[in-house]
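Each chain is listed here by its residues.
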Number of protein chains: 2
Amino acid sequence: MTDKPRHSWVTIRDRIREMILNSTYGPGDKLPRDEEFAGRFGCARSTVHRAMQDLAQNGLVQRRRKGGTTVQRDPVTRATLNIPITRLEVEQKGSVYRYQLIRQSMQPPSAAILANFGLHEARPMLRVEALHLADSRPYIFEDRWICLETVPEIKDVDLTRESANEWLVRNRPYSRCDLRLYARRGTKSDSEILQSDVGNALFVMERTTWIGDAPITSLRAVAHPGYQLFTQG
Amino acid sequence: MTDKPRHSWVTIRDRIREMILNSTYGPGDKLPRDEEFAGRFGCARSTVHRAMQDLAQNGLVQRRRKGGTTVQRDPVTRATLNIPITRLEVEQKGSVYRYQLIRQSMQPPSAAILANFGLHEARPMLRVEALHLADSRPYIFEDRWICLETVPEIKDVDLTRESANEWLVRNRPYSRCDLRLYARRGTKSDSEILQSDVGNALFVMERTTWIGDAPITSLRAVAHPGYQLFTQG
DNA sequence: GAGTGGTCTAGACCACACG
DNA sequence: GTGTGGTCTAGACCACTCG
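Since we're looking at a predicted model, the values are computed, not measured.

Before going further, it helps to examine the pattern of salt bridges. Summed over the entire model, instances satisfying the criterion amount to 40 salt bridges over all chains. Between A:Glu153 and A:Arg172 there is a salt bridge, and its shortest N-O distance comes to 2.9 Å. In this pair, A:Glu153 is assigned in the loop between strand E6 (137–147) and helix H6 (164–171) and A:Arg172 in the loop between H6 and strand E7 (176–185), connecting sequence segments 19 residues apart. Each of A:Asp74, B:Arg87, B:Glu91, B:Glu166 and B:Arg170 takes part in a single network of salt bridges with overlapping partners.

Structure representation (structure tokens):
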């Protein structure tokens, strides 16, 4: 039955948030300086800073040096997607995972892939097409390009045994990730690979990653009909 | 041409990340204590803490009191989606936004909505069906339920003028948001509202929000064919 | 130039989780 | 119990940016 410490940054955050909610400070308003809040709450400035850091991260306020802290005028809904390794995703659903390499070859990247990376000149890349299966049924088909300059070791990996997805996630942390999600009607080619009806609604995820400025990989993953992507757990 | 301060937490973070990348510490390995790193780098422990906070947030390491810091065994790709107010999304694309209220009524929530909220008993809710248009073409159709106990003021809002989306985002910050994304074939009803062909692939976003434990709203938004959802800018 | 947030430090204590 | 991360403090200086 212990109370929350009066000066915990969580408490401070909730108090400030409460003031925003009850319109003590409305959208676009400037909040008091951190130091002012610190004095008012009887805590250290750094505690207010920690609270503000959290509010800013959740998009409720905006902070600028000299400009101060303002209540976000047009809040955005922020949601964090956790995209696990496909094998683990399948296994966590209690299904048996299987993986199948379809094609693998060195290719000059298509214009679309170059655009994803924001590159102006072609670089040597490895293209890998593979299918992830759950209980022997097609789960996700991925068409992936890997930059050989950034990831030369990939040439020595046996991609018939381990998926590029898994190897990369385990061995090549990225510093930036672009994501694009959309729905698409299944083509004849989709239907053959995913064993689904032509014209079915398919969920598509396009993902491009970099380490620093160096491109790592860009892929289009097409999921089986019925696939859903969630936030959190 | 100023160098980055030797003890900036960003520098410390990059150094630690580098050690993880070059396999000084591999997946599952335990990292030295923060204090150990601090001594090694010649900085304060809190600086190491700040660096670790960032690495943990990006899913590269996992931290536990007493258990120490370990390199994440199965990294997850984390992507943050920014979902703006629909009106702003449309306007930022340079299109003219229009909004159309289709239906509005008090209704007992369906079982699916109750499940979204994790509620066991029905509560009074307002159901709002509305269409967002871009350049007079259907953009997103939303079917929304709003909990009247949590948001009683919504009864006094003129939803023919302002969308529930906009009013809620501006006036009801949330503390928790669940998101579910998937693709679905358009039904006859979809095709009429969105003026698209029956059977088209539609992108669906289901979103449920709470403030504390109190349910705010739960909605299903169906986008026009061709809609894409991005990360960041 | 000057005001505000961002960071770094050194030290203290707390809280959780493992043995 | 005990070790580790989490937090809080007080103070100093830095860096961005607005006027």
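Here we come to the interface of chain B and chain A. Each partner contributes residues to the interface: chain B has 47 residues there, and chain A has 47 residues. For the pair chain B and chain A, the summed buried surface comes to about 4300 Å²; carbon and sulfur atoms form 54% of the total. Looking only at chain B, the three residues that lose the most surface to chain A are B:Thr77, B:Leu181 and B:Arg185, adding up to 13% of its buried area. The salt bridge partner of A:Asp74 is B:Arg170, with a shortest N-O separation of 2.6 Å. Secondary structure elements with two or more residues in the side of chain B that touches chain A: helix H1 (9–21), helix H3 (45–57), strand E3 (77–83), helix H6 (164–171), strand E7 (176–185), strand E8 (201–211) and strand E10 (228–230) of chain B. Looking at the side of chain B that touches chain A element by element, the count peaks at nine residues for E7(B). When the residues that make up the side of chain B that touches chain A are grouped by side-chain class, the tally is 26 nonpolar, 10 polar and 11 charged. Of the pairings in the sheet, the one linking strand E10 (residues 228–230) of chain A to E7(B) comprises three bridges and is antiparallel in character. Looking at E7(B), one finds that A:Phe230 is bridged to B:Arg180.

As assigned here, chain A comprises domain 1 (9–71) and domain 2 (86–223). Here domain 1 of chain A and domain 2 of chain A have C-alpha centroids that lie 42 Å from each other.

Our focus in this paragraph is the protein's contact with DNA strand C. Neighbouring residues of DNA strand C: 21 residues in total, closest A:Arg45, A:Arg63, B:Ser8, B:Trp9 and B:Thr47. When the atoms of DNA strand C within 4 Å of the protein are grouped by moiety, sugar and phosphate amount to 70% of the total. Separating a phosphate oxygen of DNA strand C from a backbone N or O atom of B:Ser8 is a distance of 3.3 Å. Those elements that provide at least two residues to the surface near DNA strand C are helix H3 (45–57), strand E1 (61–64) and strand E2 (68–71) of chain A together with H3 of chain B. Of all the elements, H3(B) adds the most residues to the surface near DNA strand C, at three residues. Split by residue class, the surface near DNA strand C holds three nonpolar, seven polar and 11 charged.

Following the criterion strictly, the structure yields nine aromatic pairs over all chains and no others. Consider the rings of A:Phe203 and B:Phe203, whose centres lie 5.8 Å apart with planes at 10°: the pair is stacked. In this pair, A:Phe203 is assigned in strand E8 (residues 201–211) and B:Phe203 in strand E8, connecting two distinct chains. Assigned by exposure class, A:Phe203 and B:Phe203 land together as buried. Taken together, A:Tyr139, A:Phe203, A:Tyr227, B:Tyr139, B:Phe203 and B:Tyr227 form an aromatic cluster joined through their ring pairs. Between A:Arg176 and the ring centre of A:Trp210, over which it is positioned, the NZ or CZ distance is 3.9 Å.

Thresholds applied
- Every chain is numbered independently, its residues counted from 1 as its sequence is written.
- Chain letters start at A and ligand numbers start at 1, both assigned in the order the entries are written.
- It should be noted that, the model being predicted, local features are given only for residues of pLDDT at least 70 and side-chain atom pairs only at 80 or more, the latter also being counted only at that level, while totals for whole chains, interfaces and linings use all residues.
- Excluding hydrogens and water, the side-chain values take into account all heavy atoms of the structure.
- Think of a salt bridge as a Lys or Arg side-chain nitrogen and an Asp or Glu carboxyl oxygen that are within 4 Å of each other.
- The secondary structure listing takes helices from DSSP runs of H or I that are at least 4 residues long and strands from runs of E that are at least 2 residues long, numbered from the N terminus.
- In what follows, a contact means two residues having at least one pair of non-hydrogen atoms within 4.5 Å.
- A quick way to say it: buried area is the sum, across both parts, of accessible area lost when two parts are put together, with a 1.4 Å probe.
- Residues are grouped as follows: nonpolar covers Ala, Val, Leu, Ile, Met, Phe, Trp, Tyr, Cys and Pro; charged covers Asp, Glu, Lys and Arg; every other residue, Gly included, is treated as polar.
- Strands qualify as paired when DSSP identifies two bridges or more between them.
- Residue ranges for the domains trace back to a domain assignment, done automatically or taken from a database.
- Residue proximity to a molecule or strand is established when one non-hydrogen atom of the residue lies within 4 Å of it.
- We define a polar contact as two N or O atoms separated by no more than 3.5 Å, with the added condition that, inside protein, one atom must be a possible hydrogen donor and the other a possible acceptor, whereas residues neighbouring each other in sequence contribute only through side-chain atom pairs.
- For this analysis, a ring pair means two rings from Phe, Tyr or Trp (six-membered ring only for Trp) whose centres lie within 6.5 Å, classed as stacked if their planes differ by under 30 degrees, edge-to-face if by over 60, and tilted for the remaining angles.
- Think of it in three bands: residues with accessible area under 20% of the maximum for their type are buried, residues over 50% are exposed, and the middle band is partly exposed, with areas taken using a 1.4 Å probe on protein chains only.
- Definition used: whenever NZ (Lys) or CZ (Arg) falls within 6 Å of the ring centre and also within 35 degrees of the ring normal, the charge is taken to sit over that ring.

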